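A look at the structure
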Amino acid sequence: MYILLALSLLAMAASSLSHPVKDAPYTNPILGGWHSDPSCIYVADHDTSFCVTSTFIAFPGLPIYASKDLQNWKHVSNVFNRPSQIPSLADTVGQQGGIYAPTLRYHGGKFYLVVSFLGPETIGLVFTSTNPFDDNSWSEPIQFPVLGIDPDLFWDDDGTLYVTSSDNGIRSYSLDLNTGTTGPVSTLWNGTGGVYPEGPHLYRKDGYYYLMIAEGGTELGHAETMARSKHRTGPWEPCPSNPLLSNKGTTQYFQTVGHADLFQDGAGNWWAAALSTRSGPDWANYPMGRETVLVPATWDEGEWPVLQPVRGRMRGPLPRADRGGLEGKGRGVFAGSPDRVDFRPGESLPAHFLYWRFPKDGMFSVSPRGHPNTLRVNPSFHNLTGGEDWKASDGISLVMRRQTDTLFTYGVDVEFAPKVDDEEAGVTLFLTQDQHVDLGIVLLRTEGKTSLSFRFRATGKGNFKGTLETEVVPVPREWKHESIRLEIQAVSDTKYTFSAAAGEKRKVIGSVDSLVVSGDTGRFTGTLVGAYATSNGGKGTTPAYFSKWRYQGQGQKIDHDVIVRAD
């Protein structure tokens with residue numbers, strides 16, 4: 001009797017876990033910080049949802065996030081994880097070049113990721129994997145002559161694979177994955193009249209082909225629209241309730257909503273993942289750039305999908321919480337996790353750490369001889385901005401992670417003993433090479449005298465209209481032989497402070513408005529924080545040693561006057 005009762009209770013527990021919690025609350029964004037152009041799928045073979053986002057010229061690129069419950073998203077692999085996959089990234093000059101808007105799909109037991117790479121030339125790439133939890137499982141890409149940007153993969157009923165992409169309109173053409181050759185091009189539906197029809201996705205449902213696209217530009221006019229047809233190439237019937245998803249013309253805090261992908265969870269519920277910026281209708285202050293939001297949807301048989309408008313607080317039929325279901329899968333961390341990185345011997349850098357293009361050989365070393373539990377960074381000749389004679393292939397000595405929280409504190413301990421004028425090591429709030437704010441320890445020569453100083457300075461102004469001053473503060477004499485901690489803190493959604501500390505003593509060196517790292521050259525990207533070393537074009541070769549890398553989120557702003565504090 002007791003055995004039967006126990007088995008009955010176990011069956012009830014299993015049943016409760018497999019069914020969604022009706023109308024459960026959650027908050028957006030689900031992937032905070034720079035996570036633009038999401039594409040998501042549910043894979044029954046893994047009973048897991050997977051998402052990918054754009055990374056432009058950051059490396060490693062194309063992060064894969066996995067979730068059992070649509071709320072806890074674990075970074076399980078990077079599709080683009082070795083230079084051989086896209087070697088021309090090393091020569092990609094533009095700050096907004098590189099990897100645009102991928103699409104992730106699953107077909108015949110294999111994962112497929114298609115993307116346009118905008119480097120010295122525009123190429124289409126298809127990566128494949130049978131194990132999305134392992135970097136090494138992602139293939140060298142198949143190249144093909146993509147038309148424009150934002151390619152989508154769609155297998156028709158007869159097994160033919162089609163790419164649909166944006167190239168002065170929405171185009172569709174077959175693709176042979178064995179040869180990389182493409183077939184005749186068909187022009188599909190180009191939207192409701194909004195500028196820049198892009199981000200297409202084709203779906204097959206209830207005897208129709210549904211084509212969903214973004215239009216209006218990835219700004220305040222951004223919107224998601226749809227049309228359908230009985231035939232793959234049209235004629236197309238626009239959805240009578242277009243746009244399906246948009247916050248344009250509203251006063252909502254979440255703006256620029258669009259570039260969405262539709263998918264079902266394991267219980268058959270429909271969802272849309274889209275991008276959005278937390279900027280309000282002023283669209284001026286948005287340092288984290290375009291983030292990934294989740295909205296519930298319904299899609300009845302023979303009907304059009306209905307998507308809820310994006311808000312910071314939402315409700316939907318979420319699967320039951322299951323963070324433990326991804327235990328031991330992939331080497332990354334859950335989105336929103338703090339950093340406590342100590343660079344222990346034998347460790348590699350975390351999966352969510354990023355470089356700006358490829359790191360140069362020998363620039364970074366974990367726990368080098370004589371300096372355990374540190375990251376040694378050898379200085380790049382050029383600083384973070386570069387300079388007139390700088391080439392993309394020269395590289396910069398910079399390692400970062402995304403700012404994922406409205407409020408946060410980031411810091412590292414720095415051991416640095418510069419010997420040559422202008423040698424510098426420090427921390428940066430980085431949007432692009434043309435827009436960043438740095439706090440460095442630097443050896444400066446002024447009026448014939450050399451002094452070790454803190455230098456706080458901004459490059460670029462973004463959406464900021466005021467005057468930016470460089471601050472130079474001598475390092476106190478008693479600090480010169482100690483490890484110095486440098487910190488960046490977002491004390492509000494509009495202000496960052498930069499400070500230095502040794503022991504119990506702490507100095508705020510400077511502060512900056514978040515408008516400086518909003519918009520302008522980084523409208524497609526989002527802020528990152530990290531550590532760097534440079535000789536500033538001089539003869540210095542002194543390495544810097546960074547330790548006790550910490551990042552702690554302290555709050556997310558989800559509406560004009562609402563901040564959700566971290567636990």
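Numbering of residues begins from 1 in every chain and follows the order in which that chain's sequence is written. Only residues with pLDDT of at least 70 are given local features in this predicted model, and only at 80 or more are side-chain atom pairs given and counted; all residues enter the totals for whole chains, interfaces and linings. Side-chain numbers here rest on the full set of heavy atoms in the structure, without hydrogens or water.

- In the annotation of an unreviewed UniProt entry, the protein is listed under the name Xylosidase: arabinofuranosidase and assigned to Aspergillus steynii IBT 23096.
- According to its UniProt record, the protein has this under Sequence similarities (unreviewed entry): "Belongs to the glycosyl hydrolase 43 family." UniProt positions are given in the numbering used here, feature names are shortened, and annotations may be inferred rather than shown by experiment.

1. Topic: the overall build of the protein
- A run of DSSP states H or I qualifies as a helix once it reaches four residues; a run of E qualifies as a strand once it reaches two. Both are numbered from the N-terminal end. Helix and strand content of the protein: one helix and 39 strands.
- Taking 567 residues into account, the globule formula puts the C-alpha radius of gyration at 24 Å, and the protein, at 24 Å, falls close to it.
- Along the first, second and third principal axes, the C-alpha atoms of the protein reach 80 × 70 × 45 Å.
- Per-residue burial over the protein gives 58% buried out of 567 residues.
- Whether two residues are in contact is decided by their heavy atoms: any pair within 4.5 Å suffices. Sequence-distant contacts, at least 24 apart, represent 60% of the contacts inside the protein between residues at least 6 apart.
- For accessible areas, the Shrake-Rupley method is used with a probe of radius 1.4 Å. Any residue's cover is judged against the shown protein chains and nothing else. On the protein, roughly 22600 Å² of surface is accessible, and the fraction owed to carbon and sulfur atoms is 50%.
- Between the averaged position of the 51 positive side-chain charges in the protein and that of its 61 negative side-chain charges there is a distance of 6 Å. Radius of gyration: C-alpha atoms only; globule rule: 2.2 Å multiplied by the number of residues to the exponent 0.38. Here's how the labels work: a residue is buried when its accessible area is under 20% of the maximum for its type, exposed when over 50%, partly exposed in between, all with a 1.4 Å probe on protein chains only. Working convention for charge: Lys and Arg count positive, Asp and Glu count negative, and His plus the chain ends are omitted. The location of each charge is read from NZ of Lys, CZ of Arg, CG of Asp or CD of Glu.

2. Let's talk about the domain arrangement of the protein
- Domain parsing of the protein yields domain 1 (28-331) and domain 2 (336-565).
- What counts as a domain boundary in this text is fixed by an automatic or database domain assignment. Using only C-alpha atoms to locate each centre, domain 1 and domain 2 end up separated by 32 Å.
- Counting residues at the interface gives 50 residues for domain 1, matched by 48 residues for domain 2.
- Of the roughly 3600 Å² buried between domain 1 and domain 2 on both sides combined, carbon and sulfur atoms contribute 55%. Buried area counts how much accessible surface, traced with a 1.4 Å probe, disappears from two parts once they are put together, with both parts' losses summed.

3. Comments concerning the UniProt feature "active site" (unreviewed entry) in the protein
- UniProt's feature table lists "active site" (unreviewed entry) at Asp37 and Glu198, given in the numbering used throughout. Taking the farthest pair of C-alpha atoms as the criterion, the annotated set spanning 162 residues converges on one region, since that pair is 10.9 Å apart.
- Mapped onto the elements of the fold, Asp37 is located in the loop between strand E1 (21-27) and strand E2 (39-43).
- With residues up to four places along the chain from it excluded, the contact list for Asp37 reads Val52, Thr53, Ser54, Phe56, Ala101, Pro102, His259, Leu275 and Arg290.

4. Concerning the pairing of strand E36 (residues 505-513)
- Being paired, for any two strands, means DSSP has found at least two bridges between them. Looking at chain direction, strand E35 (residues 495-502) and E36 are connected through eight bridges and run antiparallel. The residue of E36 that forms the bridge with Lys495 is Asp513.

5. Topic: the packing of aromatic side chains
- Aromatic contacts are taken between Phe, Tyr and Trp rings whose centres are within 6.5 Å, Trp giving its six-membered ring; a plane angle under 30 degrees counts as stacked, one over 60 as edge-to-face, and the others as tilted. Counted under the stated rule, the structure contains 30 aromatic pairs.
- Consider the rings of Phe154 and Tyr209, whose centres lie 5.9 Å apart with planes at 70°: the pair is edge-to-face. Residue Phe154 is located in strand E11 (residues 149-155), and its partner Tyr209 is located in strand E16 (residues 208-215); the two are separated by 55 residues in the primary sequence. Exposure class is identical for Phe154 and Tyr209. Each is buried.
- These aromatic residues form a ring-pair network of at least three members: Trp34, Phe56, Tyr100, Trp356, Phe430 and Phe524.
- Only when the NZ of Lys or the CZ of Arg is both within 6 Å of the ring centre and within 35 degrees of the ring normal is a charge said to sit over the ring. Here the basic side chain of Arg204 rests over the ring of Tyr209, its NZ or CZ set 4.0 Å away from the ring centre.
- One cation-aromatic arrangement involves Arg228 over Tyr208; the distance from NZ or CZ to the ring centre is 4.0 Å.

6. Things to note about the UniProt feature "domain: Beta-xylosidase C-terminal Concanavalin A-like" (unreviewed entry) in the protein
- The feature "domain: Beta-xylosidase C-terminal Concanavalin A-like" (unreviewed entry), as given by UniProt, occupies residues 341-552 in the numbering adopted here.
- For residues 341-552, the end-to-end C-alpha separation is 12 Å, with 0% helix and 47% strand making up the annotated structure.

7. Details of the state of the cysteines
- The definition used for a disulfide is geometric: two cysteine sulfur atoms within 2.5 Å. Counted by the stated rule, this structure contains one disulfide.
- The side chain of Cys40 participates in a disulfide bridge whose partner is Cys51; the two sulfur atoms lie 2.0 Å from each other. Its S-S torsion of about 110° marks the bond between Cys40 and Cys51 as right-handed, since a negative value means left-handed. Here the residue Cys40 occupies a position in strand E2, and Cys51 occupies one in strand E3 (residues 48-52), the gap between them amounting to 11 residues.
- According to the relative accessible area criterion, Cys51 is buried, its value standing at 1%.

8. Describing the confidence of the model for the protein
- What pLDDT reports is the predictor's confidence in each residue, on a scale of 0 through 100. Here the protein averages 95 in pLDDT, and 96% of its residues register 70 or above.
- Taken as a whole, residues 1-18 scores under 50 in pLDDT and shows two contacts with residues more than four places along the chain or in a different chain.

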